[in-house]
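Close look at the chain arrangement
The residues making up each chain are set out below.
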Amino acid sequence: MPDYMFLLESRLLPEQRAAMLRVQELSAALGYNVYLTGGTVRDLITGATLRDLDFTVEGNPSKIARELEKGGAKVIAEDERLRHVEILFAGDCEGSIAAARDDHYVRPGTRPEIRWSTIMEDLRRRDFSLNAIAISLNPASRGLLLDPTNGLSDIERAEVRALIIHSFTNQPVRLLRVLRFAARMGFKLEQRTQEWFDLAIERDLQHTIAPEDAGAELRSLAREENPTAILKSWEEQDLLEAVHPMLAKKHPDYDSINRLSKVRDDLFMAGLRPRLATPMMLAILGRLKDREQGSLLGKLGFRSAEVERVLEFEEEAHGAAKELTGKKLAAPIDAYRFLEKMPVDTMAHLFAFSSNSGAVSKIRAYLNKWRPLRLGIPSVANELTAIGMPAGPKFDAIVNQVFAMQLTGKGKTPEEREKILRKLSGIKEQPKPKETKGKDKKGAKTAVKPSATAQKPAAHFVKPAAEHKPAKPAAAKKLEKRKKK
Ligand code: ATP
Ligand code: MG
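Notes on the structure follow.

**Section: the packing of aromatic side chains**
Note on aromatic pairs: each is described by the distance of the centres and the angle between the planes. Tallied over the full model, the rule gives 5 aromatic pairs. Considering the side-chain rings of F128 and F181, the 6.2 Å spacing of their centres and the 75° angle between planes classify their relative orientation as edge-to-face. Residue F128 is located in the loop between α5 (119-124) and β8 (134-136), and its partner F181 is located in helix α8 (residues 174-185); the two are separated by 53 residues in the primary sequence. Comparing F128 with F181, the two get one shared label, buried. Taking the centre distance of 5.9 Å and the plane angle of 85° together, the rings of F168 and F197 count as edge-to-face. Note that F168 is positioned in helix α7 (residues 167-170) and F197 in helix α9 (residues 191-202), a separation of 29 residues in sequence. The pair F168 / F197 is uniform in exposure class, with both members buried. Three or more aromatic residues joined by ring pairs form one cluster here, namely Y336, Y366 and F403. Across the ring face of F181, the terminal group of R180 is positioned such that the distance to the ring centre comes to 4.9 Å. Its guanidinium or amino end placed over the ring of Y254, K232 lies 4.3 Å from that ring's centre, counting from NZ or CZ.

Now the structure itself:
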């Protein structure tokens, strides 16, 4: 069996790795076996972005969740019946922890009985082979891949394969899921799965999808990178009706969805990792009236806080745009600070849809100019050190002043910045040593005009800036006198 630990560790973001180590540690302390499962393993194998971490434990995850909460994690939803916890780990990383379980169907299509189980039984009760793979996080077998239904070979064949003939009968929501995974990954349905799918549609099983299950799929859809492809595939199979008749009648707002997807790419290029579930939901439902949106979400089992968040999002974003273009934020540095705190989904929504052109151009400046300048601040600090400024509050204040000036277009070249830094710190340039006869003129010139970063400060210039008077420092005066002699 190959070792997937290296692959995993190289693909996790630092905060995801920290969350994984913590869950591993807590599971070990409780004597539970723990595995990475489901979407996380599938995305790891296919090279897709690891959006969230799904863990399965042979034990009760609520004890782990309580400990994680002490360390700053937030439980988003907890289903005690299924022993399933949706969690936002410390460091803002999404995921879930669930107890390993087997779903036992007395008859196909009835509500299953739940039995706590081992990981192998848990994997076999899952929907599709590509979702039924696990990686062990236990000390004795860390990195071992568990693939009892041959999911890996289906991934290689680019096929979504349902695990049993009753798959769609047992859970009709899988009709939506199978198309979601196929469209997202550009896979096709495995031949028998396609036959079972067609049969289920013929028997009209799509109209027996529980509204909460359809709601969960809609929620997942809004988190997708390319909801258009999935919605089109649902529409082609007349499945939108099964999600909600109003959405089928009015159609998803594809223009808005595509515009927001494009903005996601722009934000990504600017180094931001946007989570756009709320504005994407608004975009999907963009052709429905507010009242219709609220009633659709309510019917599909969205929690009232979620519904409110969606319905109030636009107005809040509009308010933020107004503030951004107000007098108080006229100076670029104030607008920068405001945008730095603005939730990325609000920024994305405004960038995609706002008619407030002033706000949009400030967001554009923030993404394309201001943030890159901020990322260059460590080199400004190096330049300040190079002219002899010691660390301390004044040092930081100067760096911030320079940044504020850079936002207005000043200090573009190292030479300009050196001038600004010298002026703000009061540290004068080291005077040119007198030219000695016979020496190469060019060489002497380069010796006294070093670049700010390359120059090493003369020891006598390394003084706290506060001690420097605007007038020439004594050391410089002495040097000048000596030169005149
Ligand atoms: P995503 O990237 O959308 O989060 P995911 O595969 O993680 O994809 P989830 O809905 O988070 O999807 O579910 C996590 C895992 O739980 C799935 O990978 C699958 O193994 C299992 N699962 C979810 N829904 C079902 C279902 N209806 N029937 C069987 N297994 C399911
Ligand atoms: Mg998931």
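**Focus on the nonpolar core**
Counting residues in hydrophobic clusters, the biggest one holds 124 residues, and the most contacted among them are F55, F89 and W234. The residues contacting F55, other than those within four sequence positions of it, are M20, V23, V34, Y35, L36, T37, F89, S96, I97, A98 and L137. Counting 5 residues, the second largest nonpolar core, distinct from the first, contains Y35, I119, A134 and L146.

**Describing a negative patch on the surface**
Together, D290, E308, E312, E314, E315 and E316 give the surface a local cluster of negative charge. Among the structural elements, E316 can be located in helix α17 (residues 304-324).

**Thoughts on the environment of K410**
Here K410 is to be found in the loop between α22 (393-407) and α23 (414-425). Taking the relative accessible area as the measure of exposure, K410 reaches 45% and is therefore partly exposed. Through-space distance from the C-alpha of K410 to that of I420 is 9.1 Å; in sequence the pair is 10 residues apart. Contact partners of K410, with chain neighbours within four places excluded, come to M405, E416 and I420.

**What about the side chain of Q16?**
Of note, Q16 is situated in helix α2 (residues 14-30). Sequence-distant contacts of Q16, that is, excluding residues within four places in its chain, are made with L50, R51, L53 and C93.

**Some details on the packing of α8 against helix α10 (residues 211-222)**
Where α8 contacts α10, the axes come no closer than 10 Å and their chain directions differ by 15°. In terms of axis orientation, α8 runs roughly parallel to α10. Crossing of α8 against α10: the hand is left-handed. Two secondary-structure elements touch here, α8 through L176, R177 and R180 and α10 through A214, E217 and S220.

**Digging into the packing of α2 against helix α4 (residues 61-70)**
For any two helices packed against each other, one specifies the inter-axial angle together with the distance between the axes. The N-to-C vectors of α2 and α4 enclose an angle of 130°; their axes lie 10 Å apart at closest approach. On the basis of the axis angle, α2 is oblique to α4. For the pair α2 and α4, the sense of crossing is right-handed. Contacts from R22, V23, L26, S27 and L30 in α2 reach K63, I64, E67 and L68 in α4. When the residues that make up the contact of α2 with α4 are grouped by side-chain class, the tally is 5 nonpolar, 1 polar and 3 charged.

Rules and cut-offs
- Residues numbered from 1 in each chain as written.
- Chains lettered and ligands numbered in written order.
- Predicted model: local features only at pLDDT ≥ 70, side-chain atom pairs only at ≥ 80, totals over all residues.
- Heavy atoms only, no water.
- Phe/Tyr/Trp six-rings, centres within 6.5 Å; stacked < 30°, edge-to-face > 60°.
- Helix = DSSP H or I, 4+ residues; strand = E, 2+ residues; numbered from the N terminus.
- Buried < 20%, exposed > 50% of the residue type's maximum accessible area, 1.4 Å probe, protein only.
- Lys NZ or Arg CZ within 6 Å of the ring centre and 35° of its normal.
- Core = buried A, V, L, I, M, F, W, Y, C linked by side-chain atoms within 4.5 Å.
- Contact = heavy atoms within 4.5 Å.
- Patch = residues over 30% accessible without salt bridge, like charges linked within 9 Å, V, L, I, M, F, W, Y side chains within 5 Å.
- Areas by Shrake-Rupley, 256 points an atom, 1.4 Å probe, with all protein chains shown as cover.
- Salt bridge = Lys/Arg side-chain N within 4 Å of Asp/Glu carboxyl O.
- Lys, Arg positive; Asp, Glu negative; His and termini not counted.
- Charge placed at Lys NZ, Arg CZ, Asp CG, Glu CD.
- Axes fitted to C-alpha atoms, helices over the stretch in contact; angles between N-to-C directions.
- Parallel < 35°, antiparallel > 145°, perpendicular 65-115°, else oblique.
- Left-handed = near helix turned anticlockwise from the far one by under 90°.
- Nonpolar A, V, L, I, M, F, W, Y, C, P; charged D, E, K, R; others polar.

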